[in-house]
Amino acid sequence: MATSIYGDYIKSVIRTVKDWPEPGVNFRDITPVLQNSAAFRKLIDSFVHRYQELDIDAIAAIDARGFIIGAPLAYELGCSFVPVRKKGKLPFRTISETYSLEYGESTVELHSDAFQKGDRILLVDDLIATGGTMLAAARLIERSGGIIVETAAIIDLPELGGGDMIRADGYSVFAACTFTEDE
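Rules of the game
Residues numbered from 1 in each chain as written. Predicted model: local features only at pLDDT ≥ 70, side-chain atom pairs only at ≥ 80, totals over all residues. Heavy atoms only, no water. Helix = DSSP H or I, 4+ residues; strand = E, 2+ residues; numbered from the N terminus. Buried < 20%, exposed > 50% of the residue type's maximum accessible area, 1.4 Å probe, protein only. Contact = heavy atoms within 4.5 Å. Pairing = 2+ DSSP bridges. Axes fitted to C-alpha atoms, helices over the stretch in contact; angles between N-to-C directions. Parallel < 35°, antiparallel > 145°, perpendicular 65-115°, else oblique. Left-handed = near helix turned anticlockwise from the far one by under 90°. Nonpolar A, V, L, I, M, F, W, Y, C, P; charged D, E, K, R; others polar. Expected span 1.5 Å × (residues − 1). Polar contact = N/O pair within 3.5 Å; in protein donor to acceptor, adjacent residues only side chain to side chain.

## Side note on the environment of I121
Here I121 is to be found in strand β8 (residues 120-128). For I121, a relative accessible area of 0% translates into the label buried. Between the C-alpha atom of I121 and that of A60, which follows or precedes it by 61 residues, the distance is 6.6 Å. Setting aside anything within four residues of it in sequence, one finds I121 in contact with A58, A60, F115, I141, G146, I147, I148, V149 and E150.

## As for the sheet that holds strand β9 (residues 147-156)
With mixed pairing, the eight strands of this open sheet are ordered in space as β1-β10-β9-β8-β4-β5-β7-β6. Edge positions in the sheet fall to β1 (2-3) and β6 (94-101), since each has one partner strand and no second. Examined bridge by bridge, strand β4 (residues 58-62) and β8 share four bridges and lie parallel to one another. Note that in β8 the partner of I59 across the bridge is L122. Docked against the sheet, helix α3 (residues 37-51) engages β1, β8, β9 and β10 (173-178), running at close to 155 degrees with respect to β9. Relative to the sheet, helix α5 (residues 132-143) contacts β4, β5 (80-86), β6, β7 (104-111), β8 and β9, its axis offset from that of β6 by approximately 155 degrees.

## As for the packing of α3 against helix α4 (residues 66-77)
The N-to-C vectors of α3 and α4 enclose an angle of 55 degrees; their axes lie 10 Å apart at closest approach. Comparing the axis directions of α3 and α4 gives the class oblique. Between α3 and α4 lies a crossing of right-handed hand. On α4, the residues touching F40, R41, L43, I44, F47, V48 and Y51 of α3 are I68, I69, P72, L73, E76 and L77. Here the contact of α3 with α4 is composed, by residue class, of 11 nonpolar, no polar and two charged.

## Examining α4
The end-to-end C-alpha distance of α4, which contains 12 residues, comes to 16 Å, matching closely the 16 Å that a straight helix rising 1.5 Å per residue would cover. The inward-facing, buried residues of α4 contact α3, β4, β5, β8 and β9. With its phi angle positive at about 70 degrees, G78 sits one or two positions after the end of α4.

## Section: α5
For an α-helix the count is 3.6 residues per turn, leaving residues at separations of three or four pointing the same way. Its 12 residues give α5 an end-to-end C-alpha distance of 17 Å, which sits within 8% of 16 Å, the value for a rise of 1.5 Å per residue. Residues G132, M134, L135, A136, A137, A138, L140 and I141 constitute the buried set of α5. Positioned one or two residues after α5, G145 has a phi angle of 105 degrees, which is positive.

## What to know about the side chain of S46
With respect to the helices and strands, the residue S46 is situated in helix α3. A polar contact of 2.8 Å, which involves the side chain of S46, links it to the backbone oxygen of K42. Aside from chain neighbours lying at most four places away, what touches S46 is S4, Y6, I10 and F174.

Written out as structure tokens, the structure is:
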């Protein structure tokens, strides 16, 4: 898995909140990165430098924290921004993809006219855990005619297997940094 040249720095700014939202979980809080202008610049630059020479038509960002990096990245790369939203949040005609969660299922949606056939799409989110949301969004994009250039996130949690699952489905994965369970 590829990571950012700024990965160690970005990782040092991310706050780990132990036992949140439940005992045994280490929550990776990106808000300190957003509050630190140098760290936020390095985070966005990590993605800009990786993709600036690629032919990308749009950044598709997953609701809601994916929007935080997706919008400035689209601006910097001079391409469009397309939100992948939770069910019921988009006002126009949508297509949807339902995926399994540990306890139940969830659905993501995309406007039916978000992409043209052959559009080259970078799919971004804040975190790769189990990979279910990223894969559902990738399937939506492909159903709408888009081609996934790569999937990208601020953080990958490799012990949860999401990155491996995404790669097994044929997508490449980039993360600015990774965290193991004991970090």
